[in-house]
Amino acid sequence: MRAHLLETLMLRPILLATLVAGTLDILSAFVFAGMAGMTPVQVLTFVASGPFPAAAPTPGWAAIGLAVHYAIMVCMVIAYFLLAPRRPHLLDMPIRAGIAYGIVLWGIMYWIVRPLRWPEMPLPHTLWGISNALFSHCVLVGIPIALIAARHFMARRSAFA
(Lines give C-alpha, C1' and ligand atoms only; values in the text may rest on other atoms or scores of the structure.)
Protein backbone atom coordinates (compact mmCIF):
# COMPACT_ATOMS: atom_id res chain seq x y z
CA MET A 1 0.00 0.00 0.00
CA ARG A 2 2.73 2.47 0.96
CA ALA A 3 4.74 1.85 -2.24
CA HIS A 4 1.58 2.41 -4.29
CA LEU A 5 0.92 5.70 -2.49
CA LEU A 6 4.48 6.88 -3.11
CA GLU A 7 4.19 6.00 -6.79
CA THR A 8 0.77 7.63 -7.13
CA LEU A 9 1.99 10.86 -5.60
CA MET A 10 5.22 10.75 -7.62
CA LEU A 11 7.18 11.44 -4.45
CA ARG A 12 10.28 9.46 -5.35
CA PRO A 13 10.91 11.03 -8.77
CA ILE A 14 9.96 14.48 -7.49
CA LEU A 15 12.38 14.17 -4.57
CA LEU A 16 15.09 12.78 -6.86
CA ALA A 17 14.65 15.59 -9.40
CA THR A 18 14.65 18.16 -6.59
CA LEU A 19 17.82 16.72 -5.07
CA VAL A 20 19.68 16.43 -8.39
CA ALA A 21 18.65 19.76 -9.94
CA GLY A 22 18.79 21.63 -6.63
CA THR A 23 22.26 20.36 -5.81
CA LEU A 24 23.66 21.03 -9.28
CA ASP A 25 22.15 24.51 -9.28
CA ILE A 26 23.45 25.56 -5.86
CA LEU A 27 26.91 24.16 -6.63
CA SER A 28 26.88 26.20 -9.84
CA ALA A 29 25.89 29.29 -7.86
CA PHE A 30 28.78 28.66 -5.48
CA VAL A 31 31.25 28.34 -8.37
CA PHE A 32 30.08 31.39 -10.35
CA ALA A 33 29.67 33.55 -7.24
CA GLY A 34 33.03 32.31 -5.96
CA MET A 35 34.63 33.53 -9.17
CA ALA A 36 33.22 36.97 -8.26
CA GLY A 37 34.62 36.75 -4.71
CA MET A 38 31.52 35.62 -2.82
CA THR A 39 31.48 32.80 -0.29
CA PRO A 40 28.85 30.02 -0.14
CA VAL A 41 27.49 31.61 3.06
CA GLN A 42 26.98 34.90 1.22
CA VAL A 43 25.25 33.10 -1.66
CA LEU A 44 22.90 31.24 0.68
CA THR A 45 22.22 34.39 2.70
CA PHE A 46 21.22 36.15 -0.51
CA VAL A 47 18.79 33.30 -1.23
CA ALA A 48 17.40 33.56 2.30
CA SER A 49 16.99 37.32 1.89
CA GLY A 50 14.30 36.74 -0.73
CA PRO A 51 11.60 35.84 1.77
CA PHE A 52 13.56 37.13 4.80
CA PRO A 53 14.97 40.61 4.10
CA ALA A 54 16.73 40.73 7.49
CA ALA A 55 18.98 37.76 6.61
CA ALA A 56 22.60 38.28 7.61
CA PRO A 57 25.67 36.34 6.45
CA THR A 58 25.73 33.78 9.27
CA PRO A 59 25.69 29.98 9.20
CA GLY A 60 22.11 29.99 10.52
CA TRP A 61 20.85 32.21 7.72
CA ALA A 62 22.87 30.15 5.25
CA ALA A 63 20.99 27.03 6.40
CA ILE A 64 17.69 28.87 5.93
CA GLY A 65 18.88 29.96 2.48
CA LEU A 66 19.59 26.35 1.56
CA ALA A 67 16.11 25.35 2.71
CA VAL A 68 14.59 28.22 0.68
CA HIS A 69 16.61 27.12 -2.36
CA TYR A 70 15.30 23.55 -2.18
CA ALA A 71 11.75 24.78 -1.50
CA ILE A 72 11.90 26.83 -4.70
CA MET A 73 13.35 23.87 -6.56
CA VAL A 74 10.62 21.48 -5.41
CA CYS A 75 8.05 23.95 -6.76
CA MET A 76 9.85 24.01 -10.12
CA VAL A 77 9.93 20.21 -10.18
CA ILE A 78 6.28 19.79 -9.20
CA ALA A 79 5.21 22.27 -11.90
CA TYR A 80 7.04 20.24 -14.54
CA PHE A 81 5.72 16.92 -13.22
CA LEU A 82 2.16 18.25 -13.36
CA LEU A 83 2.57 19.53 -16.91
CA ALA A 84 4.62 16.71 -18.48
CA PRO A 85 1.99 13.95 -18.64
CA ARG A 86 -0.42 16.38 -20.31
CA ARG A 87 2.12 17.31 -22.99
CA PRO A 88 3.60 14.07 -24.41
CA HIS A 89 6.25 15.91 -26.46
CA LEU A 90 7.88 16.92 -23.16
CA LEU A 91 8.41 13.24 -22.42
CA ASP A 92 9.40 12.25 -25.95
CA MET A 93 12.11 14.92 -26.25
CA PRO A 94 13.36 15.52 -22.69
CA ILE A 95 16.60 17.29 -23.63
CA ARG A 96 14.81 19.87 -25.76
CA ALA A 97 12.01 20.13 -23.22
CA GLY A 98 14.52 20.59 -20.39
CA ILE A 99 16.33 23.36 -22.24
CA ALA A 100 13.03 25.08 -22.97
CA TYR A 101 11.93 24.69 -19.35
CA GLY A 102 15.26 26.12 -18.19
CA ILE A 103 14.72 29.18 -20.40
CA VAL A 104 11.23 29.63 -18.93
CA LEU A 105 12.60 29.33 -15.38
CA TRP A 106 15.41 31.77 -16.19
CA GLY A 107 12.87 34.24 -17.55
CA ILE A 108 10.69 33.95 -14.48
CA MET A 109 13.59 34.29 -12.03
CA TYR A 110 15.45 37.11 -13.79
CA TRP A 111 12.62 39.09 -15.37
CA ILE A 112 9.84 38.70 -12.80
CA VAL A 113 11.09 37.53 -9.37
CA ARG A 114 14.32 39.51 -9.12
CA PRO A 115 12.87 42.85 -10.31
CA LEU A 116 9.93 42.48 -7.93
CA ARG A 117 12.06 41.54 -4.92
CA TRP A 118 15.23 43.53 -5.67
CA PRO A 119 14.23 46.36 -8.04
CA GLU A 120 17.56 48.14 -7.54
CA MET A 121 19.58 45.09 -8.65
CA PRO A 122 20.54 45.29 -12.32
CA LEU A 123 19.52 42.42 -14.55
CA PRO A 124 22.30 40.43 -16.19
CA HIS A 125 23.46 42.38 -19.21
CA THR A 126 26.80 40.85 -20.14
CA LEU A 127 27.29 37.75 -22.25
CA TRP A 128 29.02 36.13 -19.25
CA GLY A 129 26.20 36.92 -16.81
CA ILE A 130 23.44 35.81 -19.14
CA SER A 131 25.23 32.67 -20.32
CA ASN A 132 26.13 31.37 -16.87
CA ALA A 133 22.55 31.92 -15.67
CA LEU A 134 21.14 30.17 -18.75
CA PHE A 135 23.65 27.33 -18.40
CA SER A 136 22.59 26.75 -14.82
CA HIS A 137 18.86 26.97 -15.52
CA CYS A 138 18.90 24.90 -18.72
CA VAL A 139 21.66 22.33 -18.28
CA LEU A 140 21.72 21.88 -14.51
CA VAL A 141 18.03 22.39 -13.69
CA GLY A 142 15.78 21.97 -16.74
CA ILE A 143 17.45 18.95 -18.33
CA PRO A 144 17.74 16.84 -15.15
CA ILE A 145 14.11 17.58 -14.24
CA ALA A 146 12.95 16.67 -17.76
CA LEU A 147 15.03 13.48 -17.89
CA ILE A 148 13.83 12.25 -14.50
CA ALA A 149 10.22 13.07 -15.39
CA ALA A 150 10.53 11.31 -18.76
CA ARG A 151 12.01 8.21 -17.14
CA HIS A 152 9.23 8.14 -14.54
CA PHE A 153 6.32 8.68 -16.92
CA MET A 154 7.69 6.44 -19.68
CA ALA A 155 8.09 3.62 -17.16
CA ARG A 156 4.50 4.15 -16.05
CA ARG A 157 3.37 4.26 -19.69
CA SER A 158 5.17 0.95 -20.37
CA ALA A 159 3.70 -0.67 -17.27
CA PHE A 160 0.17 0.15 -18.40
CA ALA A 161 0.68 -0.73 -22.08
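What counts and what doesn't
Residues numbered from 1 in each chain as written. Predicted model: local features only at pLDDT ≥ 70, side-chain atom pairs only at ≥ 80, totals over all residues. Heavy atoms only, no water. Phe/Tyr/Trp six-rings, centres within 6.5 Å; stacked < 30°, edge-to-face > 60°. Helix = DSSP H or I, 4+ residues; strand = E, 2+ residues; numbered from the N terminus. Buried < 20%, exposed > 50% of the residue type's maximum accessible area, 1.4 Å probe, protein only. Polar contact = N/O pair within 3.5 Å; in protein donor to acceptor, adjacent residues only side chain to side chain. Contact = heavy atoms within 4.5 Å. Core = buried A, V, L, I, M, F, W, Y, C linked by side-chain atoms within 4.5 Å.

Another aspect to go through is the packing of aromatic side chains. Across all of its chains, the model carries 7 aromatic pairs by this definition. Ring plane angle 50° and centroid distance 5.7 Å describe the contact between F81 and F153, whose orientation is recorded as tilted. A residue pair is termed long-range when its members are at least 10 positions apart, and F81 in helix α4 (residues 59-83) and F153 in helix α7 (residues 127-160) qualify at 72 residues. Accessibility assignment for this pair places F81 and F153 in one class, buried. Look at W106 and W111: their rings are 6.3 Å apart centre to centre, the planes differ by 75°, and that puts the pair in the edge-to-face class. Ring pairing ties together the aromatic residues W106, Y110 and W111, which thus form one cluster.

Our focus in this paragraph is the side chain of T45. Here T45 is to be found in helix α3 (residues 40-48). When its relative accessible area of 7% is taken as the criterion, T45 is described as buried. Polar contacts involving the side chain of T45 include one to the main-chain carbonyl oxygen of V41, which spans 2.7 Å. Setting aside residues up to four positions removed in sequence, T45 forms contacts with A55, A56, P57, T58, W61 and A62.

The next subject is the nonpolar core. M73, V77, Y80, F81, V141, I145 and F153 are the most contacted members of the largest nonpolar core, which has 22 residues in total. Those elements that provide at least two residues to this core are α2 (11-35), α4, α5 (88-92), α6 (94-117) and α7. Setting aside residues no more than four positions away along its own chain, V141 makes contact with A21, D25, M73, M76, L105 and S136. Listed in part, the 5 residues of the second largest apolar core include A33, V43, L44 and A62.

Geometric descriptors of this kind do not, in isolation, establish any biological role.
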